[in-house]
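Each chain, letter by letter, is given below.
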Amino acid sequence: YLDYVEDIGTEVHVTNDEGYKFKSVDTFQKNFKLDTQNLTENIDVAMEQNNLVAGNMYWPKKMLQLFAKENEEETREALMLLFNEKIDISERINHTQAIFDELIIKRNKKLGETANSFISLRFLSLLLGFHFPDKYPAVKPREWNVFCKYIDDDFRIPNGTSTGERYKVLCTYIDALNMKIRVLPEIQKIKDALTRGLDFTDSNYNWMTQDVIYVTARII
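Predicted model only: the values in this text are computed from it and were never measured. (Residues numbered from 1 in each chain as written. Predicted model: local features only at pLDDT ≥ 70, side-chain atom pairs only at ≥ 80, totals over all residues. Heavy atoms only, no water.)

Digging into the layout of surface pockets
The method is simple in principle: a probe with the dimensions of a water molecule rolls over the atoms, and the space it marks as empty is what remains.
Here's step 1: Reported here for the largest pocket is a volume of approximately 260 Å³.
Here's step 2: Contributing to the lining of the largest pocket are 16 residues, with Phe147, Leu177, Ile181, Val212 and Thr216 lying nearest its centre.
Here's step 3: Elements with a minimum of two residues in the lining of the largest pocket: helix H8 (141-151), helix H9 (163-181) and helix H11 (206-219).
Here's step 4: For the lining of the largest pocket, the element with the most residues is H9, which contributes five residues.
Here's step 5: A class-by-class count of the residues in the lining of the largest pocket yields 14 nonpolar, one polar and one charged. (1 Å grid on protein atoms, 1.4 Å probe; cavity = no way out; pocket = protein on both sides within 12 Å on 5 of 7 lines; lining within 4 Å. Points joined across faces, edges and corners; volume = space filled by probe spheres on them. Helix = DSSP H or I, 4+ residues; strand = E, 2+ residues; numbered from the N terminus. Nonpolar A, V, L, I, M, F, W, Y, C, P; charged D, E, K, R; others polar.)

Focus on the packing of aromatic side chains
Here's step 1: Enumeration according to the criterion identifies 11 aromatic pairs in this entry.
Here's step 2: Ring centres of Phe83 and Phe132 lie 6.0 Å apart, and the angle between their planes is 75 degrees; this geometry places the pair in the edge-to-face category. Within this pair, whereas Phe83 is found in the loop between helix H5 (72-82) and helix H6 (89-111), its partner Phe132 is found in the loop between helix H7 (121-131) and H8, the two being separated by 49 residues in sequence. The residues Phe83 and Phe132 share a single accessibility class, namely buried. (Phe/Tyr/Trp six-rings, centres within 6.5 Å; stacked < 30°, edge-to-face > 60°. Buried < 20%, exposed > 50% of the residue type's maximum accessible area, 1.4 Å probe, protein only.)

Overview of helix H10 (residues 185-194)
Here's step 1: Of all the positions in H10, only Ile187, Ile190, Lys191, Ala193 and Leu194 are classed as buried. Projected down its long axis, H10 carries its buried residues within an arc of 160 degrees, all on one side. Exposed side of H10, more than 90 degrees from the buried face: Pro185 and Lys189 are the residues found there. (Arc of directions from axis to C-beta.)

A few points about unusual backbone geometry
Here's step 1: Here the phi dihedral of Phe118 falls at roughly 60 degrees; this positive angle occurs in a residue that is not glycine.
Here's step 2: Within the fold, Phe118 resides in the loop between H6 and H7.

Here we look at the side chain of Asn206
Here's step 1: Tracing the sequence through the fold places Asn206 in helix H11.
Here's step 2: Within polar-contact distance, the side chain of Asn206 engages the backbone oxygen of Pro133 at 3.3 Å.
Here's step 3: Apart from residues lying up to four places away in sequence, Asn206 is in contact with Pro133, Asp134, Lys135, Tyr136, Pro137 and Asn178. (Polar contact = N/O pair within 3.5 Å; in protein donor to acceptor, adjacent residues only side chain to side chain. Contact = heavy atoms within 4.5 Å.)

Let's talk about empty space enclosed by the protein
Here's step 1: Under the defined criterion, the tally for this structure stands at one cavity of 30 Å³ or more.
Here's step 2: Estimated volume of the largest cavity: approximately 70 Å³.
Here's step 3: Asn51, Leu52, Arg122, Leu126, Ala138, Val139, Lys140, Trp207 and Gln210 together form the lining of the largest cavity.
Here's step 4: When contributions to the lining of the largest cavity are tallied by element, the ones reaching two or more residues are H7 and H11.

Here we look at the side chain of Asp26
Here's step 1: Of note, Asp26 is situated in helix H2 (residues 10-31).
Here's step 2: Residue classification places Asp26 among the buried positions, given a relative accessible area of 6%.
Here's step 3: A distance of 3.0 Å separates the side chain of Asp26 from the backbone nitrogen of Asp199, its partner in a polar contact.
Here's step 4: Those residues in contact with Asp26 that sit more than four places away from it in its chain are Leu198, Asp199 and Phe200.

Next comes the structure, spelled out in structure tokens:
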């Protein structure tokens, strides 16, 4: 990771590659209000439109807004559940996903469609990482599996493992890397550049850990 950033230059890494992720966290922190009167509109303002929430075959922000427009209270309650720190993280993720799975089933049945909600581990962990950036890592399962296999030949998540339990397994490896990089001066300098001008400073290095995993997995 450090060789890669040195090769392209820190400013290029910030401006052209990964800086938008840290800005997205900053924007969410400044704008998201779960008790807002218009949840659909707030989601649009709080979530910057980029590949974290939208892509060629990936539209979780759009679907979350549709759910909020058509089932505002159910959507609000689902997010309240996801962000409820009194409940085990695995249970929260599983229950929240189940709520959105049920909403998409009802919506598809009503409209005669076969739409995907796109609300799975990737997006649920992103919401956690946006809302609690110093506590919960956001994950992209494909890249994170590459990372885990790279450092542990025996890494494997059995088929049938729930979404919430998968997140817990991945976090074990993420936390280990976090402890390693947070004491490196070179990482500190990159983090300072990625958060320059933002209120969000990534004090616990959660999003820096995300950056290291994503970039390195992509290289591998």
